[in-house]
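Here's the letter readout for the chains.
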Amino acid sequence: MSDRRMSNAITRPRRGMALEVVLLMLVMFSVIVLAGLSAVTTISRTSNADYHGARATYAAEGGADDVMSQLDAAMQDGIISGEDLANIQSPVVSGYRMTQATRTTGVPVSRTITSGPFSGLYSLNQPIDIEVTARDTSGNRATAVLSVNAQTIPLFQFGVFYEDDLEIHPGATMNFAGWVHTNGNLYLSSDDVRFQSNLTTPDSVFWQRKDSNNRLYGVRINNSAGTAVALGFDSRSLSDPLFKTRSQQDFDGRLMSRAHGVKPLELPLPSNTPAVTLVEPRAAGDNSMVQDVKMAWKADWHITLDASVFTAYTAADSNNMKANFCTFLTQERSAGLALPSAAMCARIFKPRLDAFYEGREDNRVGSTLAIIRPDLIDIHLDTLRLWSDSAPAARAPRIIYINVINDNVADTRRDFVAVRLRQGAQLPRSRVAADTGGLTIATARPVYVLGNFNTIVWRPAAIIADAITFLSQPPNPNMDARTSWPSATRCTGSSAGWCDVNQQAADMNTARSTNVNAAILAGHSATPNDFMRVGGSQPYGGGLENFPRFLENWSGATHHYTGSLVSMFTSRYALGLWGSGVGGQYYSPPTRQWSFDVNFRFPERLPPGTPSVGTVLQTAFRPLY
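Residues numbered from 1 in each chain as written. Predicted model: local features only at pLDDT ≥ 70, side-chain atom pairs only at ≥ 80, totals over all residues. Heavy atoms only, no water.

A.B. asks: Help me out: how do you make sense of unusual backbone geometry in this one?
C.D. replies: Excluding glycine, residues mostly carry a negative phi; peptide bonds, for their part, are mostly trans. The phi dihedral of Asn 406 is positive, around 65 degrees, even though this residue is not glycine. Inspection of the secondary structure puts Asn 406 in the loop between strand E20 (399-405) and strand E21 (417-422). A positive phi angle is found at Asn 454, which is not glycine, with a value near 60 degrees. Tracing the sequence through the fold places Asn 454 in the loop between strand E23 (447-450) and strand E24 (461-465). A residue is classified by how much of its surface remains accessible, and Asn 454, at 1% relative accessible area, is buried. (Helix = DSSP H or I, 4+ residues; strand = E, 2+ residues; numbered from the N terminus. Buried < 20%, exposed > 50% of the residue type's maximum accessible area, 1.4 Å probe, protein only.)

A.B. asks: Please explain the nonpolar core as it appears in this structure.
C.D. replies: Here is a general trend for soluble globular proteins: nonpolar side chains tend to be buried in one another's company. Among the nonpolar cores identified, the biggest contains 93 residues, and Phe 195, Leu 255, Phe 349, Ile 379, Leu 421 and Phe 453 are the most heavily contacted of them. Leave out the neighbours within four places in its chain, and Phe 349 touches Trp 301, Ile 303, Phe 325, Leu 329, Gln 331, Ile 377, Asp 378 and Ile 379. Counting residues in each nonpolar core, the second largest holds 39 residues, with Ile 153, Ala 296, Ala 299 and Ala 444 among its members. (Core = buried A, V, L, I, M, F, W, Y, C linked by side-chain atoms within 4.5 Å. Contact = heavy atoms within 4.5 Å.)

A.B. asks: I keep staring at the pattern of salt bridges and nothing clicks. Help me out?
C.D. replies: Side chains that carry opposite charge are capable of pairing whenever their charged atoms lie near each other. Under the defined criterion, the tally for this structure stands at 21 salt bridges. Here the salt bridges share partners, and the residues they tie into one network are Arg 352, Asp 378, Arg 420, Arg 422 and Asp 500. (Salt bridge = Lys/Arg side-chain N within 4 Å of Asp/Glu carboxyl O.)

A.B. asks: Is there a simple way to think about the state of the cysteines in this case?
C.D. replies: As used in these notes, a disulfide is a covalent bond between sulfur atoms, one from each of two cysteines. Per the stated rule, a full pass over the model turns up two disulfides. The residue that forms a disulfide with Cys 326 is Cys 345, at a sulfur-sulfur distance of 2.0 Å. Sign of the S-S torsion, about -100 degrees for the bond between Cys 326 and Cys 345, identifies this disulfide as left-handed. Pair noted here: Cys 326 is in the loop between helix H8 (318-324) and strand E17 (329-333) and Cys 345 is in helix H9 (residues 342-348), with a separation of 19 residues, a long-range link. When sorted by exposure, Cys 326 lands in the same class as Cys 345, which is buried. Shown here is the disulfide that connects Cys 491 with Cys 499, its sulfur atoms set 1.9 Å apart. Here the disulfide of Cys 491 and Cys 499 is left-handed, its torsion about the S-S bond being about -75 degrees. Residue Cys 491 is classed as buried on the basis of its relative accessible area, which comes to 6%. A residue is classified by how much of its surface remains accessible, and Cys 499, at 0% relative accessible area, is buried. (Disulfide = S-S within 2.5 Å.)

A.B. asks: Which parts of the structure should I look at to understand the environment of Asp 164?
C.D. replies: In this structure, Asp 164 sits in the loop between strand E5 (160-162) and strand E6 (166-168). Taking relative accessible area as the criterion, Asp 164 reaches 30% and is therefore assigned partly exposed.

A.B. asks: Help me understand helix H4 (residues 240-251), please; the structure alone is not making it clear to me.
C.D. replies: The first and last C-alpha atoms of H4 sit 16 Å apart over 12 residues, in line with the 16 Å expected at 1.5 Å per residue. Where H4 is buried, its residues contact strand E12 (205-206), strand E13 (219-222), strand E14 (228-230) and strand E15 (255-256). One or two positions beyond H4, positive phi appears at Asp 252, with a value near 55 degrees. (Expected span 1.5 Å × (residues − 1).)

A.B. asks: Sorry if this is basic, but what is going on with the packing of aromatic side chains here?
C.D. replies: To describe a pair of aromatic rings, one takes the distance between the centres and the angle between the planes. Taken as a whole, this structure holds 23 aromatic pairs when the rule is applied. Their ring planes at 80 degrees and their centres at 5.3 Å tell us that Tyr 540 and Trp 578 sit as a pair that is edge-to-face. One end of the pair, Tyr 540, is in the loop between helix H12 (531-534) and strand E28 (558-563); the other, Trp 578, is in the loop between strand E29 (565-567) and strand E30 (591-596), and 38 residues separate them in sequence. Residue classification places Tyr 540 among the buried residues on the basis of a relative accessible area of 9%. Measuring from centroid to centroid gives 6.3 Å for Tyr 561 and Trp 594, while their planes differ by 75 degrees, and the two rings are edge-to-face. Here Tyr 561, found in strand E28, pairs with Trp 594, found in strand E30; they are 33 residues apart in sequence, far enough to count as distant. (Phe/Tyr/Trp six-rings, centres within 6.5 Å; stacked < 30°, edge-to-face > 60°.)

Function cannot be read off these values alone, since they describe shape.
Here you go:
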């Protein structure tokens, strides 16, 4: 019996075991649920953190772009200064506390631009890092670093540079080698014009004249292989994305507009200061930035001409005017450089009252014929060279600036005062033998260049003025008819080449082929409006082909020009519009053989005082973690 009881005790199930199993399962299920909830919460939190972190990153990136836009605005004066960096404002993004640190990294270096619309040019590059941090109210933060280059580009690297709209409509064949840039719109129309390098504008390209409803089909642009491809589209016919695509297809991207992100290039001047300031005389209120740009302050030979000299003597008393001319000049040399003696001064600088008939300017009083004859300060560059080369270390000029005072448009004896450069085929040597030297001549007045210029020994040269007119090579240096000259070289009515005596009425002197090697920076006459915007034809300003001006019958003659054609403003003294002389036709065009001077691609070969323009280009971006 006891055995049976023991057996029953062993086999009877324990009470409550099922409940324990259920409870265990509930605990395990709860653990799984809680683990799942914890994972979901963690994922949610992580996702939320990633979301807010991403938003902070976007805010930092946007803030960096905002700072770059501030740098871009500061670069509108052509340079980034320490003051510009100090004035950078932290960007504002709703919901974030934004901080920025913008600083230069290293020293400026001169090097070739390798990316962006101006790739291939060289510039003075100042690397800058923009570091922007964004923090939200929950403590999420992100930092972005944007690296940019503040690029300062010498103007005379461009074959053509215009501040305003640029019109190129040559009637005769024109083949131009050199980079063409305008800060305005670019108008192209011609039967036969070919561009061998890049064309850039931050605005629009119009395959059309600006002054009238006229489109010609001979505009060709070289692609990267050197093959000329006809222009067949513009900013009116294609949207920006399609314009960019078509430019790439046809020209390998060598025609660039706002569609490519091209930016304006500006002189380093204070805000709202016009580009014409570059040629204006010195002023007592000029700040350091203006002084750095004005050619009058850069000059190592500053000359002020008192135009009352032209009224102090009569035309019949020209010998006394010449003898006493230098007493009407106030001259200054910088750094202790020498001035010529009174006798030498009288040989270098000579006056010329009512020198010749100026056909382009004879319409300055509307429909009433007003004969304009320039009153000139003739600079005899051959005499200046001989004087300078005898002691170049103490005498050689680099920048000559001529200021004019006491002129009077109401007095025909001093109404149109201008500068003429004579016998400039060979320019002075440099002060140091190893230096390429060079000469820049600048004035706020019109300049006439007589005959060949800088053709014997090439030197970096520039002429900067209100307007520049090329006069052909004269038959003899003195432009006279003395019998000691061979008959073919006397200034008679039938002689070819510029002679003042042959240009005294509304007729045209017969030109001779002439060569000029110099950069020119001058004002231009502009077409007032786009005919499509005002609904009617406009007076044509003359375009690039008439930017350097002419006055003679150049038919059958060739004008050879090598340099850089730059216009930053409209002329303020030479106001006659192209083709509108009321005295009749005043010139016929030459065969233009114009090209960019490739010497200007090297910094050491630029003319003295070459102006520069600036832009800002992004080079890298990186987030900081």
